[in-house]
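Each chain is listed here by its residues.
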Amino acid sequence: MSVQPIPEGYHSVTPYLGIHKAAEAIDFYKKAFGATEVMRLSMPDGRVGHCELRIGDSAIMLGTPCDQGPLSNPDSAVSVGLHLYVTDVDKSFQRALDAGAKAVSEVKDQFYGDRSGTLKDPYGHLWFLATRKEDLTQEQIEQRAKEMFQQAQ
């Protein structure tokens, strides 16, 4: 039996978050997004050295940043957002707000066929929650974008 180069259940890209309050963040992701904890490696000082969570069929990894590592908490500016497709964006968005997230943009129907909204979690990460409402071609999306930009002028 050979080892699979990409472990079963993983996609090609897996986000890895650096979060100062990683243990609190794990609890938040469980409450806000229904995450399940697959494994956690705790350090002797109580910090989270590594944790793997599952949200739906996707893995995310996180840990407490340390001086020896390349990750840091997004304290001032966020450079990456996590996009999460859910079956009911309005319900999921409210659940995340109830768990402590802050709304960046409220849920609304988008020109590209999704209903979506943006949240910031208590640890500085952006989450784009969405439910697909229409399957559109690239041409349809481009036409709607053109019309939207013309209205904004």
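Our structure is the block above this text.
Just so we're clear, the structure is a prediction, and the values are computed from it rather than from any experiment. Along every chain, residues carry numbers that run from 1 in the direction the sequence is written. Residue-level local features of this predicted model are given only where pLDDT is at least 70; pairs of side-chain atoms are given and counted only at 80 or more, and the full residue set underlies all totals for whole chains, interfaces and linings. The side-chain quantities take in all heavy atoms of the structure and omit both hydrogens and water.

## Some remarks on the sheet that holds strand β5 (residues 81-85)
Okay, so step 1: The criterion for strand pairing is that DSSP finds at least two bridges linking the strands in question. Only DSSP runs of H or I with at least four residues qualify as helices, and only runs of E with at least two residues qualify as strands; both kinds are numbered from the N terminus onward. The sheet built from four strands is open, its strands ordered β5-β8-β7-β6 with mixed pairing. Edge positions in the sheet fall to β5 and β6 (102-109), since each of these pairs with one other strand and no more. Adjacent strand axes in the sheet meet at a mean angle of 15°, parallel and antiparallel pairs treated alike. The convention used is that axes are lines fitted to C-alpha atoms, helices contributing only their stretch in contact, and that angles between N-to-C directions extend from 0 to 180 degrees.

## Quick word on the side chain of R54
Okay, so step 1: With respect to the helices and strands, R54 occurs in strand β3 (residues 48-55).
Okay, so step 2: As used in this structure description, the phrase polar contact means that two N or O atoms lie within 3.5 Å; if the pair is within protein, one of them must be able to donate a hydrogen and the other to accept it, and residues adjacent in sequence are counted only when both atoms belong to side chains. A polar side-chain atom of R54 sits 2.6 Å from the main-chain carbonyl oxygen of G9.
Okay, so step 3: In this analysis, two residues are considered to be in contact whenever any of their non-hydrogen atoms come within 4.5 Å of each other. Residue contacts for R54: discarding those within four places in its chain leaves E8, G9, Y10, G34, A35, T36, V38 and A59.

## What about the packing of aromatic side chains?
Okay, so step 1: Aromatic contacts are taken between Phe, Tyr and Trp rings whose centres are within 6.5 Å, Trp giving its six-membered ring; a plane angle under 30 degrees counts as stacked, one over 60 as edge-to-face, and the others as tilted. Overall, the coordinates contain seven aromatic pairs when judged by the stated rule.
Okay, so step 2: Consider the rings of Y29 and F33, whose centres lie 6.1 Å apart with planes at 20°: the pair is stacked. Here F33 and Y29 lie together in helix α1 (residues 22-33), a separation of four residues that amounts to about one turn.
Okay, so step 3: Note on classification: 1.4 Å probe, protein chains only; a residue is buried when its accessible area is under 20% of the maximum for its type, exposed when over 50%, partly exposed between these limits. Y29 gets classed as buried once you look at its relative accessible area, which sits at 0%.
Okay, so step 4: Consider the rings of Y29 and W127, whose centres lie 5.4 Å apart with planes at 55°: the pair is tilted. One end of the pair, Y29, is in helix α1; the other, W127, is in strand β8 (residues 126-132), with 98 residues separating them in the sequence.
Okay, so step 5: Taking the relative accessible area as the measure of exposure, W127 reaches 3% and is therefore buried.
Okay, so step 6: Pairwise contacts between aromatic rings join F28, Y29, F33, Y123 and W127 into one cluster.
Okay, so step 7: To sit over a ring, a charge needs its Lys NZ or Arg CZ within 6 Å of the ring centre and within 35 degrees of the ring normal. For R54, the ring lying beneath its charged end belongs to Y10, and the centroid distance is 4.9 Å.

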